[in-house]
Amino acid sequence: TNVPRAAPPVAVPAQRPPAPAAAAQRAAAPAAAVTERAPKPSAPAGRPEPEGRFVVQVGAYADQATLRETRQKVEKLGLKTYTQVVDSDAGHRTRVRVGPFDTRAEAQAAAAKLKAAGLPAALLTL
């Protein structure tokens, strides 16, 4: 006789609880740049770097005034910026980035220009 079997149980990922009110208050206050994860390692010796996969992150900000000021400083250096909104444990942050660049050397030159102007710069491989 053929008896139908029950389907195995399926794991359902737990949903993240809403952020507490304290996190919302911190997000409204000026924030220093959020540390970015370490960039992916570069290609092994002897292999060319992948093309078009480099950006320079200037910072991640919760305060809109600081965000605008930072973008203006970067763009006065002749570098075009773009932003990316992300959710973190500390709340919403807006990343300020420059690029993408076709080569690591171009990204490093932009990072050096930012650092010479007193701005933070983290080279990232996408």
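None of the values given here were measured: they were computed from a predicted structure.

Draft legend 1. Quick look at the pattern of salt bridges. Under the criterion given, the structure shown has two salt bridges. Across the pair Lys-73 and Glu-69 runs a salt bridge, and its minimum N-O distance is 3.3 Å. Linking Lys-73 with Glu-69, this pair stays in helix α2 (residues 64–76), spanning four residues, or about one helical turn. The shortest N-O distance in the salt bridge between Arg-71 and Glu-75 comes to 3.9 Å. With Arg-71 and Glu-75 both in helix α2, this residue pair falls four residues apart, about one helical turn.

Draft legend 2. Examining helix α3 (residues 104–116) more closely. When the terminal C-alpha atoms of α3 are compared, their 18 Å separation across 13 residues agrees well with the 18 Å that a helix rising 1.5 Å per residue should span. Looking at α3, one finds that the buried residues are Arg-104, Ala-107, Ala-110, Ala-111 and Leu-114. Buried positions in α3, seen along its axis, are confined to an arc of 125° and lie on one side of it. Pointing more than 90 degrees away from the buried face of α3 are the exposed residues Ala-105 and Ala-116. Phi turns positive one or two residues past the end of α3, at Gly-118, with a value near 85°.

Rules behind the numbers
- Numbers given to residues run from 1 along each chain, matching the order in which its sequence is written.
- Side-chain atom pairs in this predicted model are given and counted only at pLDDT of 80 or more, local residue features only at pLDDT of at least 70, and totals for whole chains, interfaces and linings cover all residues.
- Values reported for side chains reflect all heavy atoms of the structure, with hydrogen atoms and water molecules removed beforehand.
- A carboxyl oxygen of Asp or Glu within 4 Å of a side-chain nitrogen of Lys or Arg is what we treat as a salt bridge.
- Only DSSP runs of H or I with at least four residues qualify as helices, and only runs of E with at least two residues qualify as strands; both kinds are numbered from the N terminus onward.
- Expected helix span is given by 1.5 Å per residue-to-residue step, counting one fewer step than there are residues.
- Three labels apply to residues, based on accessible area from a 1.4 Å probe with only protein chains included: buried if under 20% of the type maximum, exposed if over 50%, partly exposed otherwise in between.
- Within this analysis, the arc is defined by the directions that extend from the helix axis to the C-beta atoms.

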